[in-house]
Amino acid sequence: MRAALVLAGYALVVAWFLPRPLARLTGQGASVRPGLAAWLSALLSAAVSAVIGLQFLIRTAIAGWPRLSEVVCRSVAGSACTRAVYGSAAFELGVGAIAMAATAVALVVAWRCGRRAQRARRHTRAHAEAARLIGKALPGTEALVLTDPRPIAYCVPGRPAAIVLTSGVLEVLEPAQLDAVLAHERAHLARRHPVLVSLTRGLAAAVPVVPLFAWARAEVARLAEMSADDAAIRVSGRTAVITALIAIGTGAAVRDDSIARAPAAVPRAAIGAAGYAVPARLERMVAPAGPARQAWYSLALVGLLAGMLVLPGVLAMLAG
Amino acid sequence: MGLRGFGDLEAVVMRRLWDHDGPVTVREVFEELRQDRAIAYTTVMSTMDNLHRKGWLSRVKDGKAYRYSAVASREEYSARLMREAMAEADDTEAVLSHFLAHMDSAESDALRAVLLRLTRKTGENAQ
């Protein structure tokens with residue numbers, strides 16, 4: 001029984017106090033894939049320990065109801081726990097209420113997440129279908145073009161998935177930049193980013209009070225963009241990705257690419273816009289972190305995520 | 001252009017329907033499509049039936065046959081898609097991965113400030 005309480009406590013710490021320091025490690029994108037893995041491990045670790053803790057609680061309750069209040073009382077207060085305390089109606093009712101409330105919350109959360117996921121899948125499928133019926137194929141690519149002056153480029157997951165471009169985006173992009181945009185979107189699809197994004201978005205929407213969910217939503221989305229940027233850089237080069245981002249961000253063609261060759265002399269602190277996703281992406285592409293910094297961040301993140309995957313089991317064994 | 005799959009045929013049929021002013025029968029669409037591809041009448045019929053079932057086409061009985069027409073114009077569907085694509089992530093159910101996510105005015109300002117610093121920096125270096 002003590003194991004259940006320890007695991008629940010661990011889940012609360014991960015959900016409430018981990019996000020801020022973790023975001024400091026991952027926010028600037030010095031280490032993208034370990035960063036993504038760390039956020040997903042935090043979610044998994046918190047969820048698994050919460051579920052195991054809850055399951056302990058329910059099992060004890062079912063095994064012998066009158067004993068539950070005694071066990072809870074003893075695991076908290078030890079020998080100071082007397083029959084007068086755990087036998088009292090108030091204590092029994094309190095423990096019962098907490099156990100039922102925890103179960104109810106878990107069920108509601110699971111139900112809400114499931115419903116949201118279903119709705120999201122339906123809307124996404126409908127969007128992809130409409131894009132296929134309305135869009136014109138862009139010769140030489142799998143992309144679909146919709147007529148609209150606003151510069152927009154995105155992909156829709158599904159079978160088959162779709163990459164959608166507006167006529168407006170084609171107007172502001174040079175050929176190399178268009179390749180970079182397509183490579184970015186293909187990377188999103190190949191690396192299953194839409195799944196990660198919809199999972200974290202669903203959690204944040206279903207249970208907005210948990211800080212870990214809100215943080216994971218924003219940080220996973222941002223890291224997914226950076227991961228796709230890296231893939232695009234490998235295909236079309238840094239300059240094309242940077243200038244494409246600027247062209248779409250400002251809605252004006254960028255032909256002078258000297259901006260992308262802005263040297264490492266740009267001090268990171270001088271840019272200082274890391275709080276926002278798009279400026280942060282631009283910053284890390286123009287002035288990427290050095291290899292030593294990247295290695296240090298990767299090491300820290302891998303250590304952290306390994307700890308999060310192992311800790312619930314260790315805690316359960318130690319306390320059980 | 002070859003026929004790549006059923007989804008592709010749906011797109012071809014919808015385009016025909018949008019190009020017509022009034023409702024058309026399966027037979028009429030079939031006769032048009034037959035001009036530039038080998039296709040069976042039943043294929044066209046089931047494609048149009050699918051599109052009707054999915055809510056893209058409406059149909060009214062005319063004698064023995066149905067006459068089909070598009071539920072909304074191509075422009076209306078396009079506007080609907082763009083509305084969904086432009087919405088902030090929280091306001092839309094569809095999962096779309098943008099090259100550049102919706103920016104609020106504060107983020108746009110931050111981006112502009114970064115660009116300004118970068119261009120000034122490169123300008124100085126060039127001198």
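Please read these numbers as outputs of a predicted model, since none were measured by experiment. (Residues numbered from 1 in each chain as written. Chains lettered and ligands numbered in written order. Predicted model: local features only at pLDDT ≥ 70, side-chain atom pairs only at ≥ 80, totals over all residues. Heavy atoms only, no water.)

(A) The arrangement of the overall build of chain B in detail. Helix and strand content of chain B: five helices and three strands. Listing the helices and strands of chain B from first to last along the sequence gives α-α-α-β-β-α-β-α. Burial status across chain B gives 39% buried among its 127 residues. Contacts in chain B between residues at least 24 apart in sequence constitute 42% of all its contacts with a sequence separation of at least 6. (Helix = DSSP H or I, 4+ residues; strand = E, 2+ residues; numbered from the N terminus. Buried < 20%, exposed > 50% of the residue type's maximum accessible area, 1.4 Å probe, protein only. Contact = heavy atoms within 4.5 Å.)

(B) Spotlight on the domain arrangement of chain A. Residues and elements named next belong to chain A. Segmenting chain A into domains produces domain 1 (1–87 + 291–320) and domain 2 (121–288). In this complex, domain 1 contributes 20 residues to the contact, which on the side of domain 2 involves 23 residues. Summed over both sides, the interface between domain 1 and domain 2 buries roughly 1,900 Å², with carbon and sulfur atoms accounting for 75% of that surface. When the area that domain 1 buries against domain 2 is broken down by residue, the three leading residues are Leu36, Trp39 and Leu43, summing to 30%. The interface formed by domain 1 and domain 2 contains zero salt bridges. Going through the elements one at a time, α1 (2–17), α2 (19–26) and α3 (32–63) are the ones with two or more residues in the side of domain 1 that touches domain 2. Looking at which element gives the most residues to the side of domain 1 that touches domain 2, the answer is α3, with nine residues. Across the side of domain 1 that touches domain 2, the residue classes break down as twelve nonpolar, five polar and three charged. (Domains from an automatic or database assignment. Buried area = accessible area lost by both parts, 1.4 Å probe. Salt bridge = Lys/Arg side-chain N within 4 Å of Asp/Glu carboxyl O. Nonpolar A, V, L, I, M, F, W, Y, C, P; charged D, E, K, R; others polar.)

(C) View of helix α10 (residues 211–236) of chain A. For α10 of chain A, which comprises 26 residues, the first-to-last C-alpha distance of 37 Å matches the rise-based estimate of 38 Å (1.5 Å per residue) to within 8%. Backbone geometry just downstream of α10 of chain A places glycine 237 of chain A in the positive-phi region, at approximately 90°. (Expected span 1.5 Å × (residues − 1).)

(D) Broad picture of the interface of chain A and chain B. Listed as interface residues are 58 residues of chain A and, on the opposing side, 42 residues of chain B. Each partner contributes to the roughly 4,400 Å² buried at the junction of chain A and chain B, and carbon and sulfur atoms together form 67% of this total. The largest share of the area that chain A buries against chain B comes from Leu133, Ile134 and Arg201 of chain A, three residues that together contribute 17% of it. At the boundary of chain A and chain B, one finds one salt bridge. For glutamate 129 of chain A, the salt bridge is made with lysine 54 of chain B, and the minimal N-O distance between the two is 2.5 Å. Our enumeration of links across chain A and chain B arrives at 13 residue pairs in polar contact (both at pLDDT 80 or more). For the side of chain A that touches chain B, the secondary structure elements donating two or more residues are α6 (89–134), β3 (153–156), α8 (175–190), α9 (193–206), α10, α11 (238–250), α12 (268–271) and α13 (277–286) of chain A. (Polar contact = N/O pair within 3.5 Å; in protein donor to acceptor, adjacent residues only side chain to side chain.)

(E) Up close: the sheet that holds strand β4 (residues 162–166) of chain A. With mixed pairing, the five strands of this open sheet are ordered in space as β1(A)-β2(A)-β4(A)-β3(A)-β3(B). Pairing within the sheet leaves two strands with one partner each, and these edge strands are β1 (136–137) of chain A together with β3 (97–98) of chain B. Pairing geometry for β3 of chain A and β3 of chain B, over two bridges, is antiparallel. Of the residues in β3 of chain B, the one forming a bridge with cysteine 155 of chain A is serine 97 of chain B. (Pairing = 2+ DSSP bridges.)

(F) Just the environment of proline 211 of chain A, in detail. Residues and elements named next belong to chain A. For proline 211, the location among the structural elements is in helix α10. Distance from proline 211 to leucine 22, taken between C-alpha atoms, is 12 Å for residues 189 residues apart in sequence. Ignoring sequence-local partners within four residues, the contact set of proline 211 consists of Ala15, Trp16 and Pro19.

(G) Region of interest: the packing of aromatic side chains. Tallying each qualifying case throughout the model produces five aromatic pairs over all chains. Centroid distance tryptophan 296 of chain A to tyrosine 297 of chain A: 5.9 Å. Interplanar angle 75°. Geometry classified as edge-to-face. We classify tyrosine 297 of chain A as buried; its relative accessible area is 16%. Ring pairing ties together the aromatic residues Trp18, Trp56 and Tyr77 of chain B, which thus form one cluster. Above the plane of the ring of tyrosine 66 of chain B lies lysine 61 of chain B, whose end atom (NZ or CZ) is 4.8 Å from the centre. (Phe/Tyr/Trp six-rings, centres within 6.5 Å; stacked < 30°, edge-to-face > 60°. Lys NZ or Arg CZ within 6 Å of the ring centre and 35° of its normal.)

(H) Examining the packing of α6 of chain A against helix α4 (residues 74–86) of chain B more closely. Axis separation between α6 of chain A and α4 of chain B bottoms out at 10 Å; the angle between their running directions is 135°. On the basis of their axis angle, the class for α6 of chain A and α4 of chain B is oblique. Between α6 of chain A and α4 of chain B lies a crossing of left-handed hand. Note on element contacts: α4 of chain B touches α6 of chain A through Arg74, Tyr77, Ser78, Leu81, Glu84 and Ala85 of chain B, opposite His123, His127, Ala130, Ala131 and Ile134 of chain A. (Axes fitted to C-alpha atoms, helices over the stretch in contact; angles between N-to-C directions. Parallel < 35°, antiparallel > 145°, perpendicular 65-115°, else oblique. Left-handed = near helix turned anticlockwise from the far one by under 90°.)

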